[in-house]
Amino acid sequence: MSEYICPHCKKPTYDDENTLCLYCGEALPRRIGAMGRIKNLRPSIIIAIIVTLVLLCFIVAALKIQ
């Protein structure tokens, strides 16, 4: 089990899946799961990923038409 230190109250939390501090209730700076990783990305990276996916879909659709 790993120890996480709350940046607000500086008390340790030993629960790996906990997203809130047990003592002060503030959010712990962790990314859990795919949505947590996406939520913490910079907006420019998210826009670049969306544009790339749209272009790939357009290319695939154009190749299927021919």
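As the structure is a prediction and not an experimental result, all values here were calculated from the model.

The next thing to look at is the environment of K11. Here K11 lies in the loop between β1 (4–5) and β2 (12–13). Under the relative-accessibility criterion, K11 is labelled partly exposed at 40%. In this structure the C-alpha to C-alpha distance between K11 and Y23, which are 12 residues apart in sequence, comes to 7.5 Å. With residues near it in sequence (within four places) discarded, K11 still touches Y4, I5, C6 and Y23.

On the surface, I49, L53, L56, F58, I59 and L63 cluster together into a nonpolar patch covering about 630 Å² of accessible area. Within the secondary structure, I49 sits in helix α2 (residues 43–65).

We now examine the environment of T52. In this structure, T52 sits in helix α2. Take T52: its relative accessible area is 43%, and that puts it in the partly exposed class. In this structure the side chain of T52 is engaged in a polar contact, spanning 2.7 Å, whose partner is the backbone oxygen of A48.

Procedures and definitions
- Starting from 1, residues in each chain are numbered consecutively following that chain's sequence as written.
- In keeping with the predicted nature of the model, local features appear solely for residues at pLDDT of at least 70, side-chain atom pairs appear and are counted solely at 80 or more, and the whole-chain, interface and lining totals rest on all residues.
- Heavy atoms throughout the structure, all of them, feed into the side-chain values; hydrogens and water do not.
- Numbered from the N terminus, helices here are DSSP runs of H or I no shorter than four residues, and strands are runs of E no shorter than two.
- Categorising residues by exposure relies on relative accessible area from a 1.4 Å probe, with only protein chains included: less than 20% of the type maximum marks a residue as buried, more than 50% marks it as exposed, and the intermediate range marks it as partly exposed.
- We call two residues in contact when some of their heavy atoms are within 4.5 Å.
- A patch consists of residues whose relative accessible area exceeds 30% and which take part in no salt bridge; residues with like charges are grouped when within 9 Å of each other, and nonpolar side chains (Val, Leu, Ile, Met, Phe, Trp, Tyr) when within 5 Å.
- Exposure was quantified through the Shrake-Rupley algorithm and a 1.4 Å probe, taking into account, for residues, occlusion by the shown protein chains and nothing else.
- Here, a salt bridge means any side-chain nitrogen of Lys or Arg that lies within 4 Å of a carboxyl oxygen of Asp or Glu.
- As used in this structure description, the phrase polar contact means that two N or O atoms lie within 3.5 Å; if the pair is within protein, one of them must be able to donate a hydrogen and the other to accept it, and residues adjacent in sequence are counted only when both atoms belong to side chains.

In short, geometric facts, not functional conclusions.
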